[in-house]
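These are the residues of each chain, in order.
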Amino acid sequence: MTEDSVRRATEADIPAMAQIIFDWEEATEWMPKTYSLKESEDFIREIMPKREIWVSGEPVKGYLSFDPENQRVGMLYCSERGKGHGKSLMDRVKNGRGFVWLTTQACNQAAQSFYKREGFAETGPHAVDLPNQLPETRMEWRT
């Protein structure tokens with residue numbers, strides 16, 4: 001998988017992106033099941049004009065949502081771990097930037113390990129304000 005296999009998401013990609021979230025939440029025992037598949041689709045559709053949303057794979061196997069105004073990765077989900085989709089997406093969003101930050105669930109050690117391999121450092125807890133949300137950790141990457 002290379003950064004070349006990453007492209008900007010289109011409206012047609014929304015069902016696949018929402019399905020990736022839904023399937024991950026269903027398979028992750030500790031993750032609260034807060035949103036339906038349709039609610040996830042509606043959320044992605046709502047944020048799409050405000051974010052850079054990138055996809056990897058054909059069909060879509062992973063996607064990343066990035067808020068360029070705040071330099072924040074809002075979501076990174078992949079349907080297949082260890083296939084390079086997450087790395088390609090992260091490389092794409094870091095390209096040409098000197099700083100990127102994100103949050104992840106404090107209990108999600110697999111995600112934290114991945115982000116550390118990508119050069120992110122844990123900077124401390126991140127306040128959560130949504131119901132049913134798990135404690136989060138903030139991580140930052142700098143060139």
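Residues numbered from 1 in each chain as written. Predicted model: local features only at pLDDT ≥ 70, side-chain atom pairs only at ≥ 80, totals over all residues. Heavy atoms only, no water.

1. Here we look at the confidence of the model for the protein chain
For the protein chain, mean pLDDT is 91; residues scoring 70 or higher make up 94% of the total. Within the protein chain, strand 2 (residues 52–56) carries the highest mean pLDDT (98), whereas strand 6 (residues 121–126) carries the lowest (88). (pLDDT = per-residue confidence, 0-100. Helix = DSSP H or I, 4+ residues; strand = E, 2+ residues; numbered from the N terminus.)

2. Topic: the packing of aromatic side chains
The tally for this structure, following the rule as stated, stands at four aromatic pairs. Relative to Y77, the ring of W24 lies with its centre 5.6 Å away and its plane at 70°, an arrangement referred to as edge-to-face. Taken together, the residues span a long stretch of sequence, with W24 in helix 1 (residues 14–27) and Y77 in strand 4 (residues 72–78) at a distance of 53 residues. By relative accessible area, Y77 is classed as buried at 15%. Ring centres 5.4 Å apart and planes at 65° place the aromatic pair F114 and Y115 in the edge-to-face group. Neither residue differs from the other here; F114 and Y115 are each classed as buried. In this structure an aromatic cluster arises from ring pairing among W24, Y63 and Y77. A cation sits over an aromatic face here: R8 above W54, 5.1 Å from the ring centre. Over the aromatic face of W101 sits the side chain of R138, whose NZ or CZ is 3.8 Å from the ring centroid. (Phe/Tyr/Trp six-rings, centres within 6.5 Å; stacked < 30°, edge-to-face > 60°. Buried < 20%, exposed > 50% of the residue type's maximum accessible area, 1.4 Å probe, protein only. Lys NZ or Arg CZ within 6 Å of the ring centre and 35° of its normal.)

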